[in-house]
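Coordinate inspection notes
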Amino acid sequence: MFKNYLKVTIRNIQKSRVTALINIFGLAVGMASCMLIYIFVQHELSYDKFHKNSNRILRVLTIDKALGVSNNLVGITYPPLGKALKEEFPEVKEAVRINMSGRNLVTYQDQNFYTENLVYAEPSLFTVFDFELKEGKKGHVLSTPYTAVLTETMAKKTFGEEDPIGKSITLDNQNEIEIVGIMEDVKDNSHLKFDVMVSLYPTQQDSGWVQWLDSWNSISMSTYILLDEAESQTKVDKKLEDLIRKNGVRESFNVTTQRFEEAHLQSSDILFDGLNQEKGQIGYVKTLTIVAIFVILIASINFMNLSTAQSSKRAKEVSMRKILGSNRAQLILQYIGESIFLSFLSLSLACLLVAVFGSYAALPIEGNPILFLFSQPENYMIILGGTLFLGIFSGIYPAVVLSGFQPIKIVKGKFTSGKKGVFLRRVLVVLQFAVSIGLIIGTTIVFQQLDYIKNKNLGFETDQVINLRLANQELQEKAGTLKNKLEQISGIENIAFASSMPGQGFSRRGIVPEGYSQDDDPWIVSIMSCNEDYIDLMNMEISDGRNFSPEFGAEQDGSLIINEAAAEAIGWKGDAVGKKIQIRQQDLTVIGVVKDFHFTSMRHKIEPIIINYRPEANNSMVVKIKGGNISETIAEMEEQWTTVHPALPMEYTFFDEDFGNLYQSDETFSVLIINFTWLAILIACLGLFGLASFIAEQRTKEIGIRKVLGSKISAIVVLLSSEFVRLVLISNLIAWPIAYFAMNNWLQDFEYKIDIGIGSFVIAAVLALFIALSTVSYHSIKAAWANPVNSLRSE
């Protein structure tokens, strides 16, 4: 029985090859798009879920409400808080404190190289989280000062085939660290990234470190807690304020918690979040999910439209089957079966498309997307179930329409497709193009916003600036010598020192501006230090006062520069030069005001910042190189570096790339949304192309009569195309307000953003109209040029 059913299905598909091919290819492109989006969404939502207690883990955040701060939420908190939470809150079963150190020089025998993500952590790291120890005992590793755990990759890089346990490495040419454990590499879908974990615990001689761990005056520690049950978060949040107030924390600061599973996708507004470096955006996940639904909806609409449009061709088949005894239920099952069969054919093609072209989709995974997709058993059921549902959904309406034909009317030649069918097809076309126009508008606005970010005046230059990290004491001690040698290179324009670079994070510090006292609400501002060359090298502009200069001698030591945001916030706009600011009991004088510059992403408002003068070496050596042969200049820099640091590698980054990394998730989203918008338009065009063909064919006799009566070809082309133009215009009326609301909501995540103008909507309308006319014009012109005699005979 199934064999006969399959034969009938294949025969019916062969009768309408063009429609079947359009349906199969359209559904395949739609399915492939959904698969790729599903991979992206699944990967983003899977972050940190591999920990068995992920739903019971929280991270502690600090809310900074001090004057001068507009970006209030930070990813670090008080060093003693984790310990206090475990001791005083019965809901907290375990806590772990982690201090991010980042890039550090590692020395083993005669090898020198840098770690990327070194952290200091407590032994409870392996109790709270499920990072698997390959060697070493959980609860014991990291319990002794100056011990460390390495990831497998770091261990192999450091020791090769040697057994690392019991051996020692040197960090930053200072401390000997014993290796006591080896851990599996951190998974890609973990927001916690580290390659070396050093014990947080100090020795008695490390008095400064001991005081810091017990200090309620410093916000500097990442803290995670494990609850007895997930529902305890509310109880913990309610008791947090009493705990910190009891320990002397001022009213301008508070603490809260965030679910561990939300850290990756819901932290874009959190600063000082060094452990969470590859943040995603929950808004992007939701948007792409909606896009996937729209894309497959367009493909499904194509199927419905083309299937019902060719109803006249299958009318006689329906009538004969009804006359021979088939009931309506049997016919519905037959047509739904055909739809399901086509869907599974489309699935095969979709898998091939993903395998061949999926690697070009800018997905955040390694390897071929199709292998990633089918590496997880649950995806088989999701894909097969989704394909079955799509086949039923796409085929149910055509099946009901086709099975409802009355055989008597068809046999008598009185069959008409019906006004209801024509109306519904028009509604489906309008819906299809409304979705496409909405996607075009959204893509245009995303592109404009990212272009705005790239081209907005940042307040400094990023091009041809190289950042050399001076990450340890030895590098800083010899920085002056290195600077002198690099200045001899003709390709170098300028060299400066700075504590950090925009986008890499500055620290915050309490200040007391002139006119305020210690008893007033505290001021907290961002702070950095640099020498006299930095502001000129970065092409920052002094709007009032002057830059640092050695000509002023000892006076420089008590001077600082503030930005315009600081001057305005304090109330010194236009009158800041000469004012005093107290920092750590020292009065410093404002000698200049620098124009505002972006030192975080444009999702955040520019905050007040203070720039201290530090003429000697700092954490970064900033090198401005001339245009031309950049590779030759870098080669000369490496040669001079080797003369000063023969045993150390010169590691550098281009500042424009570093700063661009702030918008990595936005760039990924932009590429994905643009690609899938074009695929949605392609699918819509396929359906419109097939539909235009059937409409032109149905009106063959009418066209012949009009030509006989003297109608011009141009008039006939306009006649056949005008209906689609009207439908596209209606689609615009539907899409515009929805797209405006959605994109205006998306832009709210950015503090600095474009104004949504009419241009994006006009572009979408013109493009949609052009696509529609281009798609239907072939059939319109073909029908208009047809011989009228043949047109009349065709009926």
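It should be noted that the structure appears before, not after, this text.
Here's what I pulled together on the structure shown here. (Residues numbered from 1 in each chain as written. Predicted model: local features only at pLDDT ≥ 70, side-chain atom pairs only at ≥ 80, totals over all residues. Heavy atoms only, no water.)

Glancing now at the overall build of the protein chain. When you go through the protein chain residue by residue, the secondary structure sums to 25 helices and 22 strands. In the protein chain, which comprises 795 residues, the proportion classed as buried is 53%. Contacts in the protein chain between residues at least 24 apart in sequence constitute 79% of all its contacts with a sequence separation of at least 6. When the accessible surface of the protein chain is split by element, carbon and sulfur atoms take 55% of a total near 35900 Å². (Helix = DSSP H or I, 4+ residues; strand = E, 2+ residues; numbered from the N terminus. Buried < 20%, exposed > 50% of the residue type's maximum accessible area, 1.4 Å probe, protein only. Contact = heavy atoms within 4.5 Å. Areas by Shrake-Rupley, 256 points an atom, 1.4 Å probe, with all protein chains shown as cover.)

One pass over the full model with this rule turns up 24 salt bridges. With a shortest N-O distance of 2.6 Å, Glu116 and Arg103 are connected by a salt bridge. In this pair, Glu116 is assigned in strand β4 (residues 111-121) and Arg103 in strand β3 (residues 92-108), connecting sequence segments 13 residues apart. One continuous salt-bridge network, built from bridges that share partners, spans Arg59, Asp273 and Lys279. (Salt bridge = Lys/Arg side-chain N within 4 Å of Asp/Glu carboxyl O.)

A ring pair, where both rings are aromatic, is described by two values, the distance of the centres and the angle of the planes. Applying the stated criterion to the full structure yields 28 aromatic pairs. Ring geometry for Tyr120 versus Trp209: centroids 5.5 Å apart, planes at 55°, classification tilted. Taken together, the residues Tyr120 in strand β4 and Trp209 in helix α6 (residues 207-213) connect sequence positions 89 residues apart. Judged by its relative accessible area of 18%, Tyr120 falls in the buried class. Of the residues examined, Trp209 reaches a relative accessible area of 28% and is grouped as partly exposed. Taking 6.0 Å as the distance between ring centres and 55° as the angle between the ring planes, the aromatic pair formed by Phe655 and Phe659 counts as tilted. With Phe655 and Phe659 both in helix α20 (residues 655-660) and 4 residues apart, the pair spans about one turn of that helix. Residues Phe655 and Phe659 agree in their burial class; the two are buried. By the ring-pair criterion, three or more aromatic residues cluster together here, those being Phe460, Phe506, Phe597, Phe599, Phe655, Phe659 and Tyr663. A cation over an aromatic ring shows up here: Lys239 above the ring of Phe89, its NZ or CZ 4.6 Å from the ring centre. Positioned above the aromatic ring of Phe750, the side-chain terminus of Arg603 is 4.2 Å from the ring centre. (Phe/Tyr/Trp six-rings, centres within 6.5 Å; stacked < 30°, edge-to-face > 60°. Lys NZ or Arg CZ within 6 Å of the ring centre and 35° of its normal.)

This paragraph deals with the side chain of Ser760. Looking at the element boundaries, Ser760 is found in helix α24 (residues 758-785). Looking at Ser760, its side chain comes within polar contact range of the side chain of Gln448, at 3.1 Å. (Polar contact = N/O pair within 3.5 Å; in protein donor to acceptor, adjacent residues only side chain to side chain.)

This paragraph deals with a nonpolar patch on the surface. A grouping of Phe344, Tyr380, Leu384, Leu388, Ile392, Ile396 and Val400 is seen on the molecular surface, where their side chains present a nonpolar patch of about 540 Å² in accessible area. For the nonpolar patch, the element with the highest residue contribution is helix α12 (residues 378-403), accounting for 6 residues. With respect to the helices and strands, the residue Ile392 is situated in helix α12. Overall, the relative accessible area of 36% leaves Ile392 in the partly exposed class. (Patch = residues over 30% accessible without salt bridge, like charges linked within 9 Å, V, L, I, M, F, W, Y side chains within 5 Å.)

Residue position: Ser143 is located in the loop between β5 (133-135) and β6 (147-151). The partly exposed category is assigned to Ser143, whose relative accessible area is 34%. The spatial distance from the C-alpha of Ser143 to the C-alpha of Ser199 is 6.5 Å, given a sequence separation of 56 residues. The residues contacting Ser143, other than those within four sequence positions of it, are Pro123, Ser199 and Tyr201. A polar contact of 2.5 Å, which involves the side chain of Ser143, links it to the backbone oxygen of His140.

With that out of the way, let us pick up helix α7 (residues 233-246). Its 14 residues give α7 an end-to-end C-alpha distance of 20 Å, which sits within 8% of 20 Å, the value for a rise of 1.5 Å per residue. Maximum bend of α7: about 35°, positioned at Lys239. Taken together, the buried positions of α7 are occupied by Gln233, Val236, Leu240, Leu243, Ile244 and Arg245. Residues of α7 that are buried sit in contact with β1 (57-64), α3 (81-88), β3, β10 (222-227) and β11 (253-259). A positive backbone phi angle near 85° is found at Gly248, which sits one or two residues after α7. (Expected span 1.5 Å × (residues − 1). Bend = angle between axes of the 7 residues up to and from the residue.)

Every regular strand shows the same layout, with side chains that alternate between the two sheet faces. Strand β15 (residues 523-530) sits mainly inside the fold: 8 of its 8 residues count as buried. Burial along β15 is two-sided: Trp523, Val525, Ile527 and Ser529 and Ile524, Ser526, Met528 and Cys530, pointing in opposite directions, are all buried. Pairing of strand β14 (residues 507-513) with β15, which is carried by 5 bridges, proceeds in the antiparallel orientation. For Ser507, the partnering residue across the bridge sits in β15 and is Ile527. (Pairing = 2+ DSSP bridges.)

Attention shifts here to the pairing of β14. Note that β14 and strand β18 (residues 580-583) share 2 bridges and pair antiparallel. Within the sheet, the bridge partner assigned to Val512 lies in β18 and is Gln582.

Relative to the helices and strands, His43 is located in helix α2 (residues 17-45). Overall, His43 belongs to the buried group, its relative accessible area being 7%. Each residue touching His43, except ones within four places of it in the same chain, is listed here: Asn189, Pro364 and Ile365.

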